[in-house]
Amino acid sequence: MSLKRKIALTISIIFSLLFGIVLVMVYFSFDDFRREEFKERFRQRLEFTSRFISQSKDFENEAPLFFSENSDNILLDEKILIFNDQKQLIYSTIKDRNVSWDAEILKILEKNKTFYSEENTPEIYAARKFINGETYYILTSAYDTNGKSKLEYLKYLLITAFITCTLLIGLFSYYFMGKFLRPLEDLNKEISEVTAHKLATQVKIKQSNDEIGVLALSFNTMIAKLNDVFQSQKDFSASASHEIRTPITRMAFQLENLIKLEQHSPETLLALRQMLKDVFQLSDLTNSLLLLTKFDKENIQDIFEKVRIDEVIFEAFDLVVKNYPSLKMDFQISEETEDYAFLTVPGVAALLNIVFINLLKNAAVYSDNAQAEILITENQKQLTVQISSEGPTILPEDQPKLFEAFMRGKNSQNISGSGLGLRIVKRILEYHNAEISYMSPKENLNLFIVIFTK
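Now for a description of the structure that goes with this document. Predicted model, so just to flag it, every value in this text is computed and none were measured.

Below, the discussion takes up the pairing of strand β4 (residues 123-131). Pairing geometry for strand β3 (residues 114-117) and β4, over four bridges, is antiparallel. Bridged to tyrosine 116 within β4 is tyrosine 125. Pairing of β4 with strand β5 (residues 134-143) involves nine bridges; the strand directions are antiparallel. The residue bridging alanine 126 from the neighbouring strand is leucine 139, located in β5. Here β4 folds back onto β5 in antiparallel fashion, the turn holding two residues, of which asparagine 132 has a positive phi close to 55°.

Turning our eyes to something else, we now look at the pattern of salt bridges. Oppositely charged side chains are able to pair whenever their charged atoms sit close together. Enumeration over the complete set of coordinates arrives at eight salt bridges. In this structure, arginine 308 engages glutamate 311 in a salt bridge whose closest nitrogen and oxygen atoms are separated by 3.7 Å. The partly exposed category is assigned to arginine 308, whose relative accessible area is 31%. Salt bridges here are not isolated pairs; linked through shared partners, they connect Asp31, Asp32, Arg34 and Arg35.

Turning our eyes to something else, we now look at the nonpolar core. Generally speaking, a soluble globular protein has its nonpolar side chains buried in company with each other. The biggest cluster of nonpolar side chains holds 44 residues, and the ones touching the most others in it are Ile309, Phe356, Leu359, Val385 and Phe452. If you list the elements that add at least two residues to this core, you get α7 (309-323), α8 (349-366), β9 (371-378), β10 (382-390), α9 (421-431), β11 (434-439) and β12 (445-453). In this structure, phenylalanine 452 is in contact with Ile309, Val345, Leu352, Phe356, Lys381, Gln382, Leu383, Leu429 and Ala434, ignoring residues within four places of it in sequence. With 14 residues, the next largest nonpolar core counts Phe52, Ile53, Ile80 and Tyr91 among its residues.

With that out of the way, let us pick up the environment of asparagine 323. With respect to the helices and strands, the residue asparagine 323 is situated in helix α7. For the pair asparagine 323 and arginine 273, spaced 50 residues apart in sequence, the C-alpha to C-alpha distance is 9.5 Å. What asparagine 323 contacts, discounting residues up to four positions off in sequence, is Lys277 and Phe280.

Attention shifts here to the environment of phenylalanine 130. On the secondary structure map, phenylalanine 130 appears in strand β4. Taking relative accessible area as the criterion, phenylalanine 130 reaches 62% and is therefore assigned exposed. For the pair phenylalanine 130 and serine 54, spaced 76 residues apart in sequence, the C-alpha to C-alpha distance is 9.5 Å.

Calculation notes
Residues numbered from 1 in each chain as written. Predicted model: local features only at pLDDT ≥ 70, side-chain atom pairs only at ≥ 80, totals over all residues. Heavy atoms only, no water. Pairing = 2+ DSSP bridges. Helix = DSSP H or I, 4+ residues; strand = E, 2+ residues; numbered from the N terminus. Salt bridge = Lys/Arg side-chain N within 4 Å of Asp/Glu carboxyl O. Buried < 20%, exposed > 50% of the residue type's maximum accessible area, 1.4 Å probe, protein only. Core = buried A, V, L, I, M, F, W, Y, C linked by side-chain atoms within 4.5 Å. Contact = heavy atoms within 4.5 Å.

So, to be careful, I would describe these as geometric facts and stop short of saying anything about function.
In structure tokens, the structure reads:
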């Protein structure tokens, strides 16, 4: 999840919680207000009834007309029961029905002067009154339809307001976070375009003192320092490789001329040939390093072209066999490759040539019979090259470090080498989005597998 969405979601959740708490408090506050208002209406109605009883000369005859003319429209379905001090019903506004009441309420009124219950339906408010020297028990019940309808309306109104405001705050938070973080996204886009060949590129800094401006300034400072270091390293590698090539070429030429002379003893001739192999190996390593300094993983794909792997392998074999004349190659194409036998991959031919030069050279140096067997298999998704040779295998504990720099297994003892060949191979294949692995299917068999994803 992006930072913009996280901030917008966090703000929306916090706002929703706080706003929801406020709305719940409003709802329950209004419910308390409704209850108290209805209770007050009950109390006023009971006081009104008490005054009527105290002022009436003929209570039982005047009551029907009085309550009919003075009914409280706010108290829906109002019912009034009046009992004497013997708890006998002396008047009821309920007509044409059997009158029933809860005797427990009258018992409660003996101890408490008032009683209110909203748990009953309808709600009940009762009081014990001492009027004109006599005790009366007055029970009033009614429905607060008006108040509850308002409460119900308020509930739906608050729910609607909560949902609407939550959605709006979410949209506005996402919109404004997008505007506030737009400079950061622009900075990220510019940073992602910086590569090893564009370290001199500076990101734009807006005239502001906010955190993004400070971050951009710090990034430019870091890029400038990295560019100096990287350029120094690259210049050194290129210059060193270039300067070394000249004396190496001169040494190889002189050694070849010495070998052609006939006055050398067999021991001297063997030593000269070994020296020549070492010089050629050093020359190949120097050429590989010089070529690698020209590319990096970000920009190399811009110069990719279709390369035929079989042609690269044969060209590499021709170069290797000059130094190792005894090397033989058994080249095969898998039968299942006939329908897809294009044998092409996108890449740089010169770099791929280095890959197979190193792999074939390993077959020439480390195999018992100086023979490399190559099998190419191609399908719609990938092209696989298997290079196998017979000879001492690499120990299992050495295999995980096989493609590390300066790593040489125990099978390479008494054999000259730099320990950089397979590391260079792996680096070049990474540039081509390819993979290389080693395995030993059986005793005394080395197998390298190179997989190009199409």
